Amino acid sequence: MNWAAKMAVEMGTGVPWVMCKEDDAPDPVINTCNGFYCDKFTPNRPYKPTMWTEAWSGWFTEFGGPIHKRPVQDLAFAVARFVTRGGSFVNYYMYHGGTNFGRTAGGPFVATSYDYDAPLDEYGLIRQPKYGHLKELHRAIKMCERALVSTDPIVTSLGSSQQAHVYSTESGDCSAFLSNYDSKSFVRVLFNNMHYSLPPWSVSILPDCRNAVFNTAKVGVQTSQMQMLPTNTQMFSWQSFDEDVSSLDDSSPFTAPALLEQVNVTRDATDYLWYTTSVDIGSSESFLHGGKLPTLIVQSTGHAVHVFINGQLSSSTYGTREYRRFMHIGKVNFRAGTNRIALLSVAIGLPNVGVHFESWSTGILGPVAIHGLDQGNWDLSHQKWTYQVGLKGEAMNLASPNSISSVEWMQSAIVVQRNQPLTWHKTSFDAPEGDEPLALDMEGMGKGQIWINGESIGRYWTAFAVGNCNTSECNYAGQFRPQKCQVGCGQPTQRWYHVPRSWLKPTQNLLVIFEELGGDPSKISLVKRSVSSVCADVSEYHPYIKNWHINSYGKSEEFRRPKVHLQCSPGQTIASIKFASFGTPLGTCGDYKQGACHSPSSYAILEKRCVGKPRCIVTVSNSNFGQDPCPRVMKRLSVEAVCAPDTTNWRG
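Heads up: these notes are all about the structure in this document. Please read these numbers as outputs of a predicted model, since none were measured by experiment.

About the cut-offs
Residues numbered from 1 in each chain as written. Predicted model: local features only at pLDDT ≥ 70, side-chain atom pairs only at ≥ 80, totals over all residues. Heavy atoms only, no water. Helix = DSSP H or I, 4+ residues; strand = E, 2+ residues; numbered from the N terminus. Buried < 20%, exposed > 50% of the residue type's maximum accessible area, 1.4 Å probe, protein only. Areas by Shrake-Rupley, 256 points an atom, 1.4 Å probe, with all protein chains shown as cover. Lys, Arg positive; Asp, Glu negative; His and termini not counted. Charge placed at Lys NZ, Arg CZ, Asp CG, Glu CD. Disulfide = S-S within 2.5 Å. Patch = residues over 30% accessible without salt bridge, like charges linked within 9 Å, V, L, I, M, F, W, Y side chains within 5 Å. Salt bridge = Lys/Arg side-chain N within 4 Å of Asp/Glu carboxyl O. Pairing = 2+ DSSP bridges.

**Digging into the overall build of the protein**
So, point 1. Scanning the protein for helices and strands turns up eight helices and 39 strands.
So, point 2. If one aligns the C-alpha atoms of the protein with their principal axes, the spans along those axes are about 95 × 60 × 50 Å.
So, point 3. Taking all 652 residues of the protein together, 53% fall into the buried category.
So, point 4. Put simply, the protein shows about 29900 Å² of open surface, and 51% of that area lies on carbon and sulfur atoms.
So, point 5. Distance between charge centroids for the protein: 8 Å, based on 57 positive and 56 negative side chains.

**So, the state of the cysteines**
So, point 1. With the rule as written, the count across this model stands at eight disulfides.
So, point 2. Two residues, Cys474 and Cys485, share a disulfide whose sulfurs are 2.0 Å apart. Around the S-S axis, the bridge from Cys474 to Cys485 shows a dihedral of about 105° and counts as right-handed. Pair noted here: Cys474 is in the loop between β31 (455-461) and β32 (486-487) and Cys485 is in the loop between β31 and β32, with a separation of 11 residues, a long-range link.
So, point 3. Between the sulfur of Cys610 and that of Cys616 lies a disulfide, 2.1 Å long from S to S. Classification of the bridge connecting Cys610 and Cys616 rests on its S-S torsion, roughly 85°, and on that basis the disulfide is right-handed. Comparing Cys610 with Cys616, the two get one shared label, buried.
So, point 4. Cysteine Cys20 remains unbridged, with the sulfur of Cys33 as its closest cysteine sulfur at 9.5 Å.
So, point 5. Residue Cys20 is classed as partly exposed on the basis of its relative accessible area of 38%.
So, point 6. Among the cysteines around Cys144, which has no disulfide bond, Cys209 carries the closest sulfur, lying 8.4 Å off.
So, point 7. Taking the relative accessible area as the measure of exposure, Cys144 reaches 0% and is therefore buried.

**Concerning a nonpolar patch on the surface**
So, point 1. A cluster of nonpolar side chains, namely Trp3, Met7, Val9, Met11 and Trp17, defines an oily patch on the protein surface of about 540 Å² accessible area.
So, point 2. Mapped onto the secondary structure, Met7 falls in helix α1 (residues 2-10).

**Some thoughts on the pairing of strand β30 (residues 447-452)**
So, point 1. Here β30 lies mainly inside the structure; six of its six residues are buried.
So, point 2. The sheet contact formed by β30 and β31 spans six bridges and is antiparallel. Residue pairing in the sheet places Lys447 in a bridge with Trp461 of β31.
So, point 3. Here β30 folds back onto β31, and the loop between the two strands holds two residues, one of which, Asn453, carries a positive phi near 50°.
So, point 4. Strand direction decides the pairing type here: β30 and strand β34 (residues 509-515), joined by five bridges, are antiparallel. Paired with Gln449 across the strands is Phe514, a residue of β34.

Shown next, in the form of structure tokens:
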């Protein structure tokens, strides 16, 4: 670490160097914080700025696990707390989610999607409300800039778990942050002779020490619900090619009287390494005459293994990200004479975090043994093993449009009927019209890799997600951890795989799939990602930035009513209003219900203002809905609008 710091500084770049999560970073290198929260972080010298180099907007996805969601109320609370306590720099990780194309996914077991629940999703689309709420947060912080950069805060207690951080200058600038650290209760506090209601686990921002223009727990921007829609793009006839497991020994480059570590052999040129050996079974063995079948035991350091006995897939076993090492135990039906055992060891990403990568092993290091033979147990670990790096299809470059090979492709219908493992499939398709982001729906397939026009989309694996997806536990309030807000349990961890439009030609795009387990390629389809509906839920007295102008320095003004903003994706309009209620509606986006108080004109007002338009704005006020449906009650406007393609070419 000291060597790295010295080397960096001596380069003389003229800009500061930082080291994240390195408490003893030597001067002049600045140590910084990464994490879900960094408000308790202080640099190791008082003259260094307080910097948050990774504010985690979500969490990554691993094959076999659920999708993690971080509520934006909690993320905004974490960022506001950091700024409140003197933080000077915030960098979101991730702000734009992405895709681990090719074999770039770290891990092991990290999925091809690296969406990360980021404000801009994997497909480049705005994720609401996360994007809009953070935008409003930073607008509010920006309004406090002159006070924030001029002084240190004065901290006063407003209650057992409530504080005010006040930044005031001699020139008259004053900004305050009112924090409620209680994760369960609303609290009414008195500050500067005014009362403020603070939701649990929230920070209110007062750029003039008087008017609250933003609260981290009160989301006023819309929520967008996304869906995958069919493109009507037809895959042309599928063709297939089998990896020939029976001819492995014919071209194998080397043998060894031992089991070898996988990455040392493959040099990470491929995910695949074959371990092959033979065993001779006498004709008098009991299991050949009605006795119990013997058991093959394979101890692997990761990450997956497919076991073939005499060219037939016997079974497959996988580790997990938490437990890369695993033991395969399976009954095997040998025949009398020589039997060939072929173990295809599969890597699913290399280590990307932690220490001592050189000590992380991959592949089959044994023991490999047969139990249940008449002679007892038979350890195969130190007999002769033959190795083949990669697949024959990889060596023949089958994924490339420029590949010249003598491969005879079969019509895929024949292959699907056999449900053959280790099979290459190919087809072609034309690019769909429009500019919506695209994805391949891999439902019906098992595990493998995808290429389009020779570019690798990445690894796919429709492994089902195991986890705790109890939505009642996903309250924004309280310390966040990845296990807190999970979705997708019981579904494939990743069903859709991002296809960049920039990789496509207008016609005759080559799609190549390598399938390890079987699967039906005829079920693969090209889909487009689009907004299906937008929701908003805003109260009468929602904190509103326009109630305070930086030019007026906090002088009192007429209260401006908050507004509901609804906007579909480009090329879409609002087709209908699924739900609308001004009063005391219940529920959340996608599941709204009328409460005890409801204005009967709610639907008519929203339909008049919004239907047929790409966006609309509706003020949350009694006058807008004819009359007060329930006097002396705090009311809200909850709306869900359906978005659909614009068929009129109208723009406004």
